[in-house]
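Remarks on the overall topology
Single-letter residue listing:
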Number of protein chains: 2
Amino acid sequence: MLDIPNRDRRTERRKATREEILDAAWELVRSNGLAALSLRDLAHVVGLKAPSLYSYFDSKNAIFDAMFAQGGRAYLEQEALVESTGDPLTDLKAGMRFFIEFCTSDPARYQLMFQRTIPGFEPSPATFAIAIEGLDRLRARLARIGLTDQRSLDLLTAIGTGITDQQISNDPGSDRWTRLVDEAMEMYFAHASETTIRTNRGTT
Amino acid sequence: MLDIPNRDRRTERRKATREEILDAAWELVRSNGLAALSLRDLAHVVGLKAPSLYSYFDSKNAIFDAMFAQGGRAYLEQEALVESTGDPLTDLKAGMRFFIEFCTSDPARYQLMFQRTIPGFEPSPATFAIAIEGLDRLRARLARIGLTDQRSLDLLTAIGTGITDQQISNDPGSDRWTRLVDEAMEMYFAHASETTIRTNRGTT
DNA sequence: GTCTATATTTGGATAGAC
DNA sequence: GTCTATCCAAATATAGAC
């Protein structure tokens, strides 16, 4: 018998280092902000010199792209765990609680994925597809609840991002706005129900 | 008769140039974004070289500070023009329409004043005082409508900033979210009224 | 007050030795 | 794959002549 036929240790090591780099990048952007990420700092954290990073990523934006993709996959994974009860209001609350928790728990990630504040960065098509998949899941979830018209969905996303932004901007690390989620969803649900009924009456 | 006794032409000219510079700065940040403002570009627009700006402002942040103050004064002026009818819902709608219009009509100004995205910039105490005055006016307006508890105010600001952010981020220059203001305020008002009544019943 | 020239810093990115 | 050395670009800010 000869040696084990090329169980690519090299590729595995390479992948592991890539993940080390991305982990360090998250650490840095969480403490210094997204805009402050520099390749020198990043390399230093993982014990390399800046040019060595180019063996793993083509550019700084390629690193942002990989981070965006990680964020998208995390969203899909966690979103799948949100359980449906069949009761519209309960499910609406749970869905919104999840979204806001996902966003506020990592402001740097939120900034990267949902606000577009890095000059010159756009996710690659492959990465963007992950984000689109996330939006589709959200739309499907709301459709199951009975919400399909654009106007209602827009109002809902405004409430969700409003709570998220206020929480991140004005009370980071606490819950002054996030604790309003359930109340906000009750308010919204009452309104949406009434509007739908009224519309149906008008149409029939 | 001698010459007119020192009607400080020098000081007036200086002030005029300062305003020219600030006008040019607004122009640049509106078209290129707040973060992209450079002193070279700015100087070029007003027909100067970069170092000459230091005759008018101590630093780049001093320019941002002056812009912030201008924004604050504009807010106070325009806010004073919003008329009160005495009808709570009508006034609530008008107040929120004003706020959202003020913010969305100039995203760069909104970014400067309400989001804190410029690394290293904080408004000076004098400038910040203008912003505080604006917040006080807002609080007074809502108190006249009958809204005083923090929770209700927080929910309201979340809705306002949510509509603003979504409009700016996802449909700039149009009205996909801003047109929802009246509906959102009806929803909110119905909820706030109900909550208050319920609370009063519980208390009495 | 405005200019030229320059200091200083800080990035991203590349070349080529090892 | 990693390094040293370097390039290149952009930006704020200062010094000193005029």
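Let us look at the structure shown here.

Moving on: the pattern of salt bridges. Inspection of the entire model under this criterion finds 20 salt bridges over all chains. For the salt bridge of arginine 141 of chain A with glutamate 79 of chain A, the shortest nitrogen-to-oxygen distance reads 3.0 Å. Remark: glutamate 79 of chain A occurs in helix 3 (residues 60-80) and arginine 141 of chain A occurs in helix 6 (residues 125-145); sequence separation between them is 62 residues. Residues arginine 141 of chain A and glutamate 79 of chain A agree in their burial class; the two are buried. Salt-bridge contacts for arginine 176 of chain B lead to aspartate 154 of chain A; the nearest nitrogen and oxygen are separated by 2.8 Å. Pair noted here: arginine 176 of chain B is in the loop between helix 7 (150-170) and helix 8 (181-203) and aspartate 154 of chain A is in helix 7 (residues 150-170), and the two residues belong to different chains. Looking at aspartate 154 of chain A, the relative accessible area reads 2%, which means it is buried. A network of salt bridges, in which partner residues are shared, links Glu79, Glu133, Arg137 and Arg141 of chain A.

A few words now on the protein's contact with DNA strand C. The environment of DNA strand C is formed by 16 residues, the closest being Leu39, Tyr54 and Lys60 of chain A together with Ser52 and Tyr56 of chain B. Within 4 Å of the protein, the contacting atoms of DNA strand C are 72% sugar and phosphate, with bases supplying the remainder. Leucine 37 of chain A is positioned such that a nitrogen or oxygen atom in its backbone is 3.4 Å from a phosphate oxygen of DNA strand C. Secondary structure elements with two or more residues in the surface near DNA strand C: helix 2 (39-46) of chain A together with helix 1 (9-32) of chain B. Grouping the amino acids of the surface near DNA strand C by side-chain chemistry returns seven nonpolar, four polar and five charged.

Enumeration according to the criterion identifies 14 aromatic pairs over all chains in this entry. Note on tyrosine 75 of chain A and phenylalanine 102 of chain A: the rings are 5.2 Å apart at their centroids and 85° apart in plane angle, and the pair reads as edge-to-face. You can see tyrosine 75 of chain A sitting in helix 3 and its partner phenylalanine 102 of chain A sitting in helix 4 (residues 88-104), a full 27 residues away along the chain. Here tyrosine 75 of chain A and phenylalanine 102 of chain A have matching classes, each one buried. Residues phenylalanine 99 of chain B and phenylalanine 114 of chain B carry aromatic rings whose centres are separated by 5.8 Å and whose planes lie at 85° to one another, so their mutual orientation is edge-to-face. Taken together, the residues span a long stretch of sequence, with phenylalanine 99 of chain B in helix 4 (residues 88-104) and phenylalanine 114 of chain B in the loop between helix 5 (107-113) and helix 6 (125-145) at a distance of 15 residues.

What counts and what doesn't
Residues numbered from 1 in each chain as written. Chains lettered and ligands numbered in written order. Predicted model: local features only at pLDDT ≥ 70, side-chain atom pairs only at ≥ 80, totals over all residues. Heavy atoms only, no water. Salt bridge = Lys/Arg side-chain N within 4 Å of Asp/Glu carboxyl O. Helix = DSSP H or I, 4+ residues; strand = E, 2+ residues; numbered from the N terminus. Buried < 20%, exposed > 50% of the residue type's maximum accessible area, 1.4 Å probe, protein only. Near = heavy atom within 4 Å. Polar contact = N/O pair within 3.5 Å; in protein donor to acceptor, adjacent residues only side chain to side chain. Nonpolar A, V, L, I, M, F, W, Y, C, P; charged D, E, K, R; others polar. Phe/Tyr/Trp six-rings, centres within 6.5 Å; stacked < 30°, edge-to-face > 60°.

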